[in-house]
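# Commentary on secondary and tertiary structure
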Amino acid sequence: MSSAFRHTLACVALLLGVLGVSAAAAKPSASPAAQQRISARAMLQDIAVLAADSMEGRFPGTAGDRMARGYLARRLQAIGFEPGGGDGSWEQPITLVGLTTRNLDAWRFAGPGGEAVFRWREDFIGGSGAQAPRVSIADAEVVFVGYGIQAPEFQWDDFKGADLKGKILLILNNDPDWDPALFAGSKRLFYGRWDYKYDAAARQGAAGAIILHTEESAGYGWNVVQRSWSGTLFELPAAGEARLGFKSWLTEAAVRRLCALGGKDLDSLLAAARRREFIPVPLGVRTSLAFDVAVDTTLTANVVGVLPGSDPRLRDEAVIYSAHHDHLGVGEPDSTGDRIDNGAADDASGCAQVLAIAEAFAATRPRPARSVVALFVAGEEQGLVGSLYYATHPTVPLARIAADINFDGGNVLGRTSDVAVIGKGKSDLEDRLVAAARTQGRTVTDEPEPDKGYYYRSDQLSFARVGVPALYFRSGQSFIGRPEGWGKWKEAEYRRLHYHQPSDEIQADWDLSGMVEDTRLGYLVGLDVANGAKPPAWYPGDEFEAARKKTLEQGAGGAR
Ligand SMILES: [Zn+2]
């Protein structure tokens, strides 16, 4: 926006103010007193409680999970929020289905070029897509479907109407990334995520899907795939949607052998998949597969509190602040013998940020026009299941959820002069962020690794998928008083030493001053949304714009 245009808008705002137009249209005050409620001391205290050993790592369905939820509800009550889970409860109960693969050691493929037997974990890994005690796929054909993407807005369709019913689809990870005009170039979109690939394959009626793993296309190593697909996988109960029998990953070496069995060369297939004219390629390879699945259920819950808005017309709309309360529970001992994955940074810190923001809103005068929802979601570490449940069972109609602002992994390293938007370039929430960051003397930058698709790896994704404009930002890497590169180095150190490990605990050298600033920033953006004349919108052409349009059309009289 040019500065001249902004000046005109300011004049219009001034004129509207003179004419006595509703307060909702005027710029909200920065509410300095309310902002002061956001403090390092209070957030550290909340983190200390949630990350205590007594919470046992907050794994879904455990005593620690229940304790953490109880604590969050009591805090919301003390702050002055109202129960928002429905029926006067602070909780929105969720049944999770746990699926554990049994008796699957080898996977055999046969074609004109011979036979190959792949080994569990070493060559392939995966999980049942069906919530049933036994999965069996008989003599299915393997078909290479390129990126497995159907994206009308990019005139891209890898399936081209091919009959893929009962087939095993071999799919590339990521999305086309060589042209900035196509799928946002090297930035990963949801089309480039494995979750999208499996859903797309299921919609084709496929029996199973194999994603080709390469470190480059996944953004992480095979060890990460092994870890996240081992043990029990949690899902929401099936609700009639199309499902695969088997969702799997195969190493690149294994895929090369698989293609060779059918006399095909992987590199030629990769080249063909880069073209818009690509059509699915049957590999001439067949496979059968049968294994048992232990199916059980676990109860957990989202914790929801609401501060009703003050405007009789706008209070039916809401700004949601979300953070996940779950973590990994108790696992293998580390080198010190510690087995409890405390999840202090991930994501007790985000819960503390949302509580601090709730405190600030409770102290905001005048009261915000739209309602403010504090949402602590379950099961993020199990595939965003809590936020997914909320998005399909919203306590506020989707069309009336103005925005979601998510916090996952607060900054414990001190103040930065920059703010990084994860998945930058998606919605005008970012314009509001830029304006609010300016009041802090901070600039807004892109995330350091846009190709890794972090936007699609935490709870904001569940909101975006159903069309709700969703923002995920964090401190950038320019730490005040630190040499260049220090932030990047500390981030790498955290990933190596603490991320998803028992040592993700409060450390003696933590400095929450940057978290305080980020939290105040989140408050300011949400305040702007809560009082703004117009609710946020996706930028035109964004991958989630169509979903928003659909909910707005369905929710007649919803968010304007
Ligand atoms: Zn997290």
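Here, the structure is the one placed above.
Summary of the structure given here.

Procedures and definitions
Residues numbered from 1 in each chain as written. Predicted model: local features only at pLDDT ≥ 70, side-chain atom pairs only at ≥ 80, totals over all residues. Heavy atoms only, no water. Helix = DSSP H or I, 4+ residues; strand = E, 2+ residues; numbered from the N terminus. Rg over C-alpha atoms; globule rule 2.2 N^0.38 Å. Buried < 20%, exposed > 50% of the residue type's maximum accessible area, 1.4 Å probe, protein only. Contact = heavy atoms within 4.5 Å. Areas by Shrake-Rupley, 256 points an atom, 1.4 Å probe, with all protein chains shown as cover. Lys, Arg positive; Asp, Glu negative; His and termini not counted. Charge placed at Lys NZ, Arg CZ, Asp CG, Glu CD. Donors = N, O, S within 2.8 Å, 3.2 Å for Na, K, Ca; no water. Axes fitted to C-alpha atoms, helices over the stretch in contact; angles between N-to-C directions. Parallel < 35°, antiparallel > 145°, perpendicular 65-115°, else oblique. Nonpolar A, V, L, I, M, F, W, Y, C, P; charged D, E, K, R; others polar. Phe/Tyr/Trp six-rings, centres within 6.5 Å; stacked < 30°, edge-to-face > 60°. Lys NZ or Arg CZ within 6 Å of the ring centre and 35° of its normal. Salt bridge = Lys/Arg side-chain N within 4 Å of Asp/Glu carboxyl O. Pairing = 2+ DSSP bridges.

The subject of this paragraph is the overall build of the protein chain. Secondary structure summary: the protein chain contains 16 helices and 21 strands in total. For the protein chain, the C-alpha radius of gyration of 24 Å lies close to 24 Å, the compact-globule estimate for 560 residues. In the protein chain, which comprises 560 residues, the share counted as buried stands at 55%. Considering only contacts within the protein chain whose residues lie at least 6 apart along the sequence, 82% involve residues at least 24 apart. When the accessible surface of the protein chain is split by element, carbon and sulfur atoms take 54% of a total near 23,100 Å². The averaged location of the 70 negative side-chain charges in the protein chain is 4 Å from the averaged location of its 60 positive side-chain charges.

So, on to the coordination of the zinc ion. Here the zinc ion is held by His-324 (NE2), Asp-346 (OD), Asp-408 (OD) and Asp-408 (OD), and the distances to it run 2.0 to 2.5 Å. All donors of the zinc ion come from a single chain, and their spacing in sequence reads H-x21-D-x61-D. A residue pair is termed long-range when its members are at least 10 positions apart, and His-324 in strand β14 (residues 318-324) and Asp-408 in the loop between β18 (401-406) and β19 (418-421) qualify at 84 residues. By relative accessible area, His-324 is classed as buried at 0%.

Most of helix α5 (residues 194-203) sits out of view: seven of its 10 residues are buried. Taken as a whole, α5 has its buried residues at Asp-195, Tyr-196, Lys-197, Tyr-198, Ala-200, Ala-201 and Ala-202. Contacts made by the buried residues of α5 are with β7 (150-151), β9 (168-172), β10 (208-213), β12 (246-251) and α13 (460-465). Positive phi appears at Gly-205, one or two residues downstream of α5, with a value of about 80°.

The description of two helices packed together rests on the angle between their axes and the distance between the axes. It is the contact of helix α8 (residues 252-261) with helix α9 (residues 266-273), at a shortest axis distance of 9 Å, that shows an interaxial angle of 95°. Classed by the angle they form, the pair α8 and α9 counts as roughly perpendicular. Each of Glu-252, Val-255, Arg-256 and Cys-259 in α8 lies in contact with α9, whose residues at this interface are Leu-266, Asp-267 and Leu-269. Across the contact of α8 with α9, the residue classes tally to four nonpolar, no polar and three charged.

Take the packing of aromatic side chains next. Tallying each qualifying case throughout the model produces 29 aromatic pairs. Pairing Trp-194 with Trp-229 gives two aromatic rings, centres 5.4 Å apart and planes at 65°, and the pair type is edge-to-face. Residue Trp-194 is found in helix α5, and its partner Trp-229 is found in the loop between α7 (222-228) and β11 (233-235); the two are separated by 35 residues along the sequence. Residues Tyr-198 and Trp-229 carry aromatic rings whose centres are separated by 5.9 Å and whose planes lie at 75° to one another, so their mutual orientation is edge-to-face. Remark: Trp-229 occurs in the loop between α7 and β11 and Tyr-198 occurs in helix α5; sequence separation between them is 31 residues. Looking at Tyr-198, the relative accessible area reads 4%, which means it is buried. Given a relative accessible area of 7%, Trp-229 falls into the buried group. The cationic tip of Arg-274 hangs over the ring face of Trp-178; the distance from NZ or CZ to the ring centre is 4.1 Å.

With that settled, the discussion passes to the side chain of Arg-69. The residue Arg-69 is located in helix α4 (residues 63-79) in this model. What makes Arg-69 buried here is its relative accessible area of 8%. Apart from residues lying up to four places away in sequence, Arg-69 is in contact with Glu-91, Leu-299, Thr-300, Ala-301, Val-303 and His-325.

Moving on to the environment of Lys-165. As for its placement among the helices and strands, Lys-165 is situated in the loop between β8 (156-157) and β9. Separated by 36 residues in the primary sequence, Lys-165 and Ala-201 have C-alpha atoms spaced 9.4 Å apart. The contacts of Lys-165, once residues within four sequence positions are left out, are Gln-204 and Gly-205.

Time to look at the pattern of salt bridges. Tallied over the full model, the rule gives 31 salt bridges. Of the charged contacts, one joins Lys-426 and Glu-543 as a salt bridge, the two residues approaching to 2.7 Å between their closest N and O atoms. Pair noted here: Lys-426 is in the loop between β19 and α12 (429-439) and Glu-543 is in the loop between α15 (513-531) and α16 (545-554), with a separation of 117 residues, a long-range link. Accessibility classification places Lys-426 together with Glu-543 in one group, the buried group. Counted as one network, the salt bridges with shared partners bring together Glu-235, Glu-241, Arg-243 and Lys-247.

Attention now moves to the pairing of β14. On a regular strand, one side chain projects to one face of the sheet and the next to the other, so that they alternate. Within β14, seven of the seven residues are buried, which leaves it mostly tucked inside the rest of the structure. Residue alternation in β14 divides its side chains into two sets, Ala-318, Ile-320, Ser-322 and His-324 and Val-319, Tyr-321 and Ala-323, and both sets are buried. Here β14 runs beside strand β17 (residues 371-377); their pairing, made up of seven bridges, is parallel. Within β17, the residue paired with His-324 across the bridge is Val-377.

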